[in-house]
Amino acid sequence: MSEKDHIAGALLEWFEQHGRKDLPWQTNRTPYRVWISEIMLQQTQVSTVIPFYERFMTQLPTVEELAAATEDSVLHLWTGLGYYARARNLHRCAKQVCASHKGVFPSDRAGLEALPGIGRSTAGAILSLAMDTRAPILDGNVKRVLARYHAVAGWPGQRVVSDTLWSHAENHTPQKRVADYTQAIMDLGATCCTRSRPICEQCPLKRGCAACAQGRQSDFPGRKPRKPIPLKQRWLAVVTRPPGEVLLQKRSDSGIWGGLWAPPEFETASTAEAWIANTLSLKAERCRIDEPFHHTFTHFKLEAHLVRAQCAANHPETIDVKSDVDHLQWFAFHPLPSVGLPAPIVRLLARLGNENPQRSN
Ligand code: SF4
């Protein structure tokens, strides 16, 4: 038996007994359902994704409904999952599938990859899992299995390493039972060939695995070269008004919180205070600066200082907000608004909401 057949055969046999068959996106497998799961699973674990996926599918069960939804409602369903560009691309992609493909996903790799947010691996997953069409995938779990099996040195973010892994992925993908094979290799990476403690004794690929034979499992895949993470300081204008509302601004589409609602952000305390003074006719003396909160992103650490100001109830200052120009809007703390909110801002609003408990009538 060739090495290629050995891998596909061993994985398919292992899958019968150990593969996962009851994940929510494995029932009623359609391109839409597989696509949503694949996008959610990028950089996020299965156990975290499941409740988000189920909520998303209940609210937006078809590509047409996703295309017709508002951006705020899509980002709201994504709140807590992070990497919000995924949700914005998802929305754009659904609109494109409806406008250009009559609501039917293309059934070839080039057509899928031409859609926003769909790369080669996601296209491969849609083709293999939802259409049973032969196409390799290379998500994080598959990269780990193949890098170890073939002892591929180097960080998969480098082109040359990624090309080598793709060529192994292409080579191992069988002609038949592609959906089961694809699920099997993903499951092996998630449950057996895990990042920190691979269970090689129970692995169906042990016989040919180079990393296992050399006892060098932890060397593969190679790690990303480390760079110090820069610190960014920002000042958030946190303006509240009785009986328990906060002024939020919808961010433009670019940037890490693109399309989400958050307090207006500034590079210095004085520009935040000047903005509060100009926009709400509140004197800078009425502002105070609270302890900052911290949040770590992939590329930088954020230190966000809060420039707090409180408007008086029924004061004219509270209504002079140019919402259409500045994308500003007052929101109640209770319940939290049904729009996209970054996770640190959800925590901030919960804290501010406790300072401004809802008044009972
Ligand atoms: S033998 Fe070990 S290192 Fe190799 S693929 Fe299996 S679990 Fe991973």
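In this text, all values refer to a predicted model and were calculated from it rather than measured experimentally. Residue positions are given per chain, counted from 1 along the sequence in the order it is written. Only residues with pLDDT of at least 70 are given local features in this predicted model, and only at 80 or more are side-chain atom pairs given and counted; all residues enter the totals for whole chains, interfaces and linings. The basis for every side-chain value is the complete set of heavy atoms in the structure, and neither hydrogens nor water enter the calculation.

### Structural notes on helix 5 (residues 71–78)
We count it as follows: The buried label applies to any residue whose accessible area, calculated with a 1.4 Å probe on protein chains only, is under 20% of its type's maximum; exposed applies above 50%, and partly exposed to all values in between. The numbering of helices and of strands both runs from the N terminus, where a helix is a DSSP run of H or I of at least 4 residues and a strand a run of E of at least 2. The arc refers to the directions leading from the helix axis to the C-beta atoms. Whether two residues are in contact is decided by their heavy atoms: any pair within 4.5 Å suffices.
Within the span of helix 5, buried status applies to Val74, Leu75, Leu77 and Trp78. For helix 5, the angular spread of the buried residues around the axis is 155 degrees, confining them to a single face. Tucked inside the fold, the buried residues of helix 5 contact helix 2 (31–41), helix 3 (46–59), helix 4 (63–68), helix 6 (85–101) and strand 2 (245–250). Directly beyond the C-terminal end of helix 5, a positive phi value near 105 degrees is found at glycine 80.

### Notes on the nonpolar core
Buried together is how nonpolar side chains tend to be arranged in soluble globular proteins. Note the following rule: Buried residues of nine kinds, namely Ala, Val, Leu, Ile, Met, Phe, Trp, Tyr and Cys, make up a nonpolar core once their side-chain atoms join them within 4.5 Å. Throughout, the edges of the domains are those of an automatic or database domain assignment.
Of all hydrophobic cores here, the largest spans 94 residues; its most connected members are Tyr32, Trp35, Ile36, Phe56 and Leu66. Two domains each provide a minimum of three residues to this core, namely domain 1 (3–219) and domain 2 (231–355). Ignoring sequence-local partners within four residues, the contact set of tyrosine 32 consists of Phe56, Met57, Leu60, Pro61, Thr62, Val63, Leu66 and Phe105. Counting 17 residues, the second largest nonpolar core, distinct from the first, contains Ala237, Leu247, Ile276 and Leu282.

### Re the packing of aromatic side chains
Note the following rule: Within 6.5 Å between ring centres, the rings of Phe, Tyr and Trp (the latter by its six-membered ring) count as paired, and their orientation is classed by plane angle as stacked under 30 degrees, edge-to-face over 60, tilted in between. Remark: a charge is flagged as sitting over a ring if the NZ atom of Lys or the CZ atom of Arg is within 6 Å of the ring centre and within 35 degrees of the ring normal.
Per the counting criterion, the structure on display carries eight aromatic pairs. Ring geometry for phenylalanine 266 and tryptophan 275: centres 5.7 Å apart, planes at 45 degrees, overall tilted. Given a relative accessible area of 15%, phenylalanine 266 falls into the buried group. Relative accessible area serves as the criterion here: at 15%, tryptophan 275 is assigned to the buried category. An aromatic cluster is present here, built from Tyr32, Trp35 and Phe105 joined pairwise through their rings. Residue placement shows lysine 21 over the ring face of phenylalanine 15; its charged tip is 4.9 Å from the ring centre. Just above the ring of tryptophan 166 sits the side chain of arginine 120; from NZ or CZ to the centre is 3.9 Å.

### Quick look at the domain arrangement of the protein
This is how it is decided: What counts as buried area is the accessible surface, traced by a 1.4 Å probe, that two parts surrender upon association, with contributions from both included. The salt bridge criterion pairs a side-chain nitrogen of Lys or Arg with a carboxyl oxygen of Asp or Glu, the two atoms within 4 Å. Distance and chemistry together define a polar contact, namely a pair of N or O atoms within 3.5 Å, with one atom able to donate a hydrogen and the other to accept it when in protein, and with adjacent residues in sequence counting only for side-chain atoms on both sides. Classes in brief: Ala, Val, Leu, Ile, Met, Phe, Trp, Tyr, Cys and Pro nonpolar; Asp, Glu, Lys and Arg charged; the others, Gly included, polar.
Assigned domains of the protein: these are domain 1 (3–219) and domain 2 (231–355). For domain 1 and domain 2, the distance between their C-alpha centroids amounts to 37 Å. Counting the surface domain 1 buries against domain 2, the share from its top three residues, Asp72, Tyr84 and Arg88, is 48%. Taken together, the links from domain 1 to domain 2 amount to two salt bridges. Put simply, glutamate 71 and lysine 250 hold a salt bridge, and the shortest N to O gap is 2.9 Å. Inspection of the domain 1/domain 2 interface yields eight residue pairs in polar contact (both at pLDDT 80 or more). No other element matches helix 5, which puts four residues into the side of domain 1 that touches domain 2. Considering only residue class, the side of domain 1 that touches domain 2 consists of three nonpolar, two polar and three charged.

### Brief notes about the environment of glutamate 201
Note that glutamate 201 resides in the loop between helix 11 (178–191) and helix 12 (210–214). The exposure class assigned to glutamate 201 is exposed, which follows from its relative accessible area of 66%. Residues glutamate 201 and lysine 21 lie 180 residues apart in sequence; the distance between their C-alpha atoms is 23 Å.

### Observations regarding the pattern of salt bridges
Where side chains of opposite charge bring their charged atoms close, a pairing between them can arise. One pass over the structure, following the stated rule, counts 18 salt bridges. By sharing partners, the salt bridges in this structure join Arg234, Arg251, Glu265 and Glu267 into a single network.

### Observations concerning the site of the ligand
Heads up, the rule is: One heavy atom within 4 Å of a molecule or strand is enough for the residue carrying it to be called near that molecule or strand. Cavities and pockets are defined on a 1 Å grid built over the protein atoms alone: a cavity is a set of grid points where a 1.4 Å probe fits but cannot escape, while a pocket is an open set with protein on both sides within 12 Å along at least five of seven lines, and lining residues are those with an atom within 4 Å of any such point. Put plainly, a molecule is in a cavity or pocket when over half of its atoms are within 2 Å of the grid points there.
As a matter of local geometry, the ligand sits amid Arg148, Cys193, Pro198, Cys200, Cys203, Lys206, Cys209, Cys212 and Gln217. A molecule is said to occupy a pocket when more than half its atoms come within 2 Å of that pocket's grid points, and by this definition the ligand occupies the largest cavity. Across the shell around the ligand, the residue classes break down as six nonpolar, one polar and two charged.

### Considerations on the environment of tryptophan 261
Position of tryptophan 261 relative to the elements: it lies in strand 3 (residues 261–262). A sequence separation of 116 residues divides tryptophan 261 from valine 145, and the C-alpha atoms of the two residues are 39 Å apart.

### Details of the side chain of glutamine 217
Inspection of the secondary structure assignment puts glutamine 217 in the loop between helix 12 and strand 1 (231–241). The exposure class assigned to glutamine 217 is buried, which follows from its relative accessible area of 18%.

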